[in-house]
Protein chains: 2
Amino acid sequence: MRPEMTDTKGITRAERLAGEIADAILAGDLAPGSRLDEAGLAARYGVSRTPVREALRQLAATGLIDAKPRRGASVSHVTSRQLETLFVAMGEIEATCARLAAISMTPIERRRLEALHERMGETAARNEEAVYAEANVAFHTMIYAGANNAVISDIATGLRRRLSPFRRAQFRAPGRLTLSHGEHDAVVKAVLRGDAATAHAAMLRHVSLVEDAFEQLAQVAPHRAGG
Amino acid sequence: MRPEMTDTKGITRAERLAGEIADAILAGDLAPGSRLDEAGLAARYGVSRTPVREALRQLAATGLIDAKPRRGASVSHVTSRQLETLFVAMGEIEATCARLAAISMTPIERRRLEALHERMGETAARNEEAVYAEANVAFHTMIYAGANNAVISDIATGLRRRLSPFRRAQFRAPGRLTLSHGEHDAVVKAVLRGDAATAHAAMLRHVSLVEDAFEQLAQVAPHRAGG
DNA sequence: CTCCGACAAATTGCATGCAATAAATAACAA
DNA sequence: TTGTTATTTATTGCATGCAATTTGTCGGAG
């Protein structure tokens, strides 16, 4: 449940290894289905098998890799069916965050959300993909935090991480930036006025549309992890 | 995500240990705040420290225990504030499951839910606490399954486990059984007729009332878990 | 030619030993 | 007496070796 919140400077090798391996997977260096041999990883990272084992367990808990008792671990290769399940879950959780944010965001949080949203409008108008993508992460993170519920925001963060490799190019679709900002607008307006039900629905719709955008891209360039 | 939670007959010692320790915690044998000494546990369960370590990591991932890098692990003692956060999260997730169940339950699942609900009505009328409590677990599990989303039902199951020690006596309050059944009734009716929004609201209300019932009991017998 | 079984190789799970670090205590100075 | 520091101790993190189990291959029988 707690991947890491304020985890005390993961000084342990296992923690660092988990991060390294996760990055390698998310970056596509380790393709889905790749076998994660303990000895091999130990040699590759210059440590013994023990921290590798712990790192693998940790990653298995997040669902990033798939480990069965005596049969080793492999990069969990996500089927399109599972991917849809993940997107649906992500949508529901984000919608829940928006719902809670509408109820319990502090005035300061609302001001900051509004300010970020306006800035993103300008970014979208100038069609600056990279800048918008970065701000987008901040936007959603702000919604998670606004829920003022550590358990749910942890869940949301975990899901976001798992989906991150599939969201790389989500703003490539033509006109997606302004569309995204428009969808955000509905969410922000509802949150600011404290309309929980509408915030929920608006966020659900937004994430569903993100999923659609992904699927269109996926058809063009089927995912070989090399994203 | 993980196709199976009840992993392949946890043949490994670490898996079994994780279960044993979790049971000990949930049963109250290990009080919140208790230090979980690796060597001690290893001796107690007659194994070496290695599987104990892995079991502790596993439990830390579920939030049941709290492990910091060089400072060992201890039974995470839940503050009342965190407990409220957990209850809120549980409510939101369960409500989401109900929402999805209303949308995507198969006809067979709906029939079974209805049948169980009717049986529970009779049990409640006869005021059979233990039987009702067991059926209640099945009821909620059925809602999770009805969401037809493995990711979300996994999350719900995890939260339920974390909260289970605090729900033991939830049906002790006088008249709670028939009240519970009435709340279920609203959920079931909405789910059966495919009314997602109402199912969401009804389940949210139900879980909130469960939380209230808990808090009343908690005032009578405080857990000294607070801090 | 196919299928079944035994054997061999590789890999994981577990135990144990050592090193590193944090908590606890004792000693010393102000 | 109290505050600071050095030492001691206990516990975790890591490395390595061995045992158990799985998988792939080879041989033989049908």
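Conventions adopted
Residues numbered from 1 in each chain as written. Chains lettered and ligands numbered in written order. Predicted model: local features only at pLDDT ≥ 70, side-chain atom pairs only at ≥ 80, totals over all residues. Heavy atoms only, no water. Contact = heavy atoms within 4.5 Å. Salt bridge = Lys/Arg side-chain N within 4 Å of Asp/Glu carboxyl O. Helix = DSSP H or I, 4+ residues; strand = E, 2+ residues; numbered from the N terminus. Nonpolar A, V, L, I, M, F, W, Y, C, P; charged D, E, K, R; others polar. Buried < 20%, exposed > 50% of the residue type's maximum accessible area, 1.4 Å probe, protein only. Arc of directions from axis to C-beta. Near = heavy atom within 4 Å. Polar contact = N/O pair within 3.5 Å; in protein donor to acceptor, adjacent residues only side chain to side chain. Pairing = 2+ DSSP bridges. Axes fitted to C-alpha atoms, helices over the stretch in contact; angles between N-to-C directions. Least-squares fit on C-alpha atoms with pLDDT ≥ 70 in both. Parallel < 35°, antiparallel > 145°, perpendicular 65-115°, else oblique. Left-handed = near helix turned anticlockwise from the far one by under 90°. pLDDT = per-residue confidence, 0-100.

Colleague: For this particular structure, what's the right way to read the interface of chain A and chain B?
Modeller: Facing the 30 residues of chain A at the interface are 33 residues of chain B. In this assembly, chain A and chain B are joined by six salt bridges. A salt bridge links Arg53(B) to Glu54(A), with the shortest nitrogen-to-oxygen separation between them at 2.9 Å. Looking at the side of chain A that touches chain B, the elements with two or more residues in it are helix H3 (49-62), helix H4 (80-104), helix H7 (150-163) and helix H9 (196-220) of chain A. In terms of residue count, the dominant contributor to the side of chain A that touches chain B is H4(A) (10 residues). Of the residues belonging to the side of chain A that touches chain B, the class tally is 16 nonpolar, seven polar and seven charged.

Colleague: In this structure, what is going on with helix H2 (residues 38-45) of chain A? I would like to understand it.
Modeller: Side chains that are three or four residues apart share a direction in an α-helix, a result of its 3.6 residues per turn. All names here are of chain A. Taken together, the buried positions of H2 are Glu 38, Leu 41 and Ala 42. Summarising the axial view, the buried residues of H2 lie within an arc of 105°, below the 170-degree limit, and thus occupy one face. Exposed residues lying more than 90 degrees from the buried face of H2 are Ala 43 and Arg 44. Tucked into the core, H2 has its buried residues touching helix H1 (13-26), strand S1 (35-36) and H3. Gly 46 sits one or two residues past H2 and shows a positive phi near 70°.

Colleague: Looking at this structure, I do not really get the protein's contact with DNA strand D. What am I missing?
Modeller: Neighbouring residues of DNA strand D: 19 residues in total, closest Arg13(A), Ser48(A), Thr50(A), Arg53(B) and Pro69(B). Counting only atoms of DNA strand D within 4 Å of the protein, the fraction found in sugar and phosphate groups is 64%. Interatomic distance of 3.0 Å between a side-chain N/O atom of Arg49(B) and a base nitrogen of DNA strand D. One of the side-chain N or O atoms of Arg70(B) is found 3.1 Å from a base oxygen in DNA strand D. Going through the elements one at a time, H3 of chain A together with strand S1 (35-36) and helix H3 (49-62) of chain B are the ones with two or more residues in the surface near DNA strand D. Class assignment of the residues belonging to the surface near DNA strand D gives a composition of four nonpolar, four polar and 11 charged.

Colleague: I'm lost on the sheet that holds strand S3 (residues 72-75) of chain A in this one. Help?
Modeller: Backbone hydrogen bonds are what pair the strands of a sheet, in a parallel or an antiparallel way. Residue and element names in this part refer to chain A. What the three strands build is an open sheet, ordered S1-S3-S2; its pairing is antiparallel. In this open sheet, the two edge strands, each paired with only one partner strand, are S1 and strand S2 (65-68). As paired strands, S1 and S3 are joined by two bridges and run antiparallel to one another. Residue pairing in the sheet places Arg 35 in a bridge with Ser 74 of S3.

Colleague: For this particular structure, what's the right way to read unusual backbone geometry?
Modeller: Residues apart from glycine generally show negative phi values, whereas peptide bonds are mostly found in trans. All names here are of chain A. Notably, Asn 127 is not glycine yet its phi reads approximately 60°, a positive angle. By the element assignment, Asn 127 lies in the loop between helix H5 (107-125) and helix H6 (129-146). Given the relative accessible area of 49%, Asn 127 is considered partly exposed.

Colleague: Would you explain the sheet that holds S1(B) in this entry?
Modeller: Residues and elements named next belong to chain B. Across the sheet, which stays open at both edges, the three strands sit in the order S1-S3-S2 with antiparallel pairing between neighbours. If you trace the sheet from one side to the other, it starts and ends with S1 and strand S2 (65-68), each paired once. In the packing of H3 onto the sheet, the strands contacted are S1, S2 and strand S3 (72-75), and the crossing angle to S2 comes to about 115°.

Colleague: Sorry, what's going on with the relation of the copies chain A and chain B here?
Modeller: Two chain copies, one operation linking them: a rotation about an axis together with a shift along it. In the superposition of chain A on chain B (RMSD 0.2 Å, axial shift 0.0 Å), the rotation amounts to 180°. When the rotation and shift are considered jointly, the pair of chain copies conforms to a two-fold rotation axis. Both copies share a contact surface, since 93% of the interface residues of chain A are interface residues in chain B too.

Colleague: Sorry, what's going on with the packing of H5(A) against helix H8 (residues 176-192) of chain A here?
Modeller: Each pair of packed helices gets described by two things: the angle between the helix axes and the distance between those axes. Residue and element names in this part refer to chain A. Contact pair H5 / H8: the axes reach a minimum separation of 10 Å and the direction vectors enclose 160°. In terms of orientation, H5 and H8 fall into the roughly antiparallel class. Of the two elements, H5 crosses H8, and the hand of that crossing is left-handed. Here Arg 110, Leu 113, Glu 114, His 117, Met 120, Gly 121, Thr 123 and Ala 124 of H5 come into contact with H8, specifically with Leu 177, Thr 178, His 181, His 184, Asp 185, Val 188, Val 191 and Leu 192. Partitioning the contact of H5 with H8 into residue classes produces seven nonpolar, six polar and three charged.

Colleague: Where do I start with the environment of His140(A) in this structure?
Modeller: All names here are of chain A. Here His 140 shows up in helix H6. Residues His 140 and Glu 94, 46 residues apart in the sequence, show an inter-C-alpha distance of 8.1 Å. When sequence neighbours within four positions are dropped, the list of residues in contact with His 140 reads Glu 94, Arg 160, His 184, Met 203 and His 206. At 2.6 Å, the side chain of His 140 and the side chain of Glu 94 are in polar contact.

Colleague: Could you clarify how one ought to interpret the protein's contact with DNA strand C in this entry?
Modeller: Near DNA strand C there are 19 residues, and of these Arg53(A), Pro69(A), Arg13(B), Ser48(B) and Thr50(B) occur at the shortest range. Backbone sugar and phosphate groups make up 63% of those atoms of DNA strand C lying within 4 Å of the protein. In the environment of DNA strand C, a phosphate oxygen lies 2.7 Å from a nitrogen or oxygen atom belonging to the side chain of Arg53(A). At 2.8 Å from a phosphate oxygen of DNA strand C is found a main-chain nitrogen or oxygen belonging to Ser48(B). Going through the elements one at a time, H3 of chain A together with helix H1 (13-26) and H3 of chain B are the ones with two or more residues in the surface near DNA strand C. Split by residue class, the surface near DNA strand C holds five nonpolar, four polar and 10 charged.

Colleague: Can you help me understand the side chain of Ser180(A) in this one?
Modeller: Residues and elements named next belong to chain A. Along the chain, the position of Ser 180 falls in helix H8. Classification of Ser 180 as buried rests on a relative accessible area of 1%. Once residues lying within four places of it in the same chain are set aside, the contact partners of Ser 180 are Tyr 132, Phe 171 and His 206.

Colleague: Just to check I follow, could you spell out the confidence of the model for chain A for this structure?
Modeller: Residues and elements named next belong to chain A. Scored by pLDDT, chain A comes out at a mean of 86, with 88% of its residues at no less than 70. For chain A, H9 is the element with the lowest average pLDDT, namely 81, and H5 is the one with the highest, namely 97. Here residues 1-10 is modelled with pLDDT under 50, and outside its nearest four sequence neighbours on either side it reaches 17 contacts, counting other chains as well. Confidence drops under a pLDDT of 50 for residues 220-227, and excluding neighbours within four residues, the segment shows five contacts in the predicted structure.

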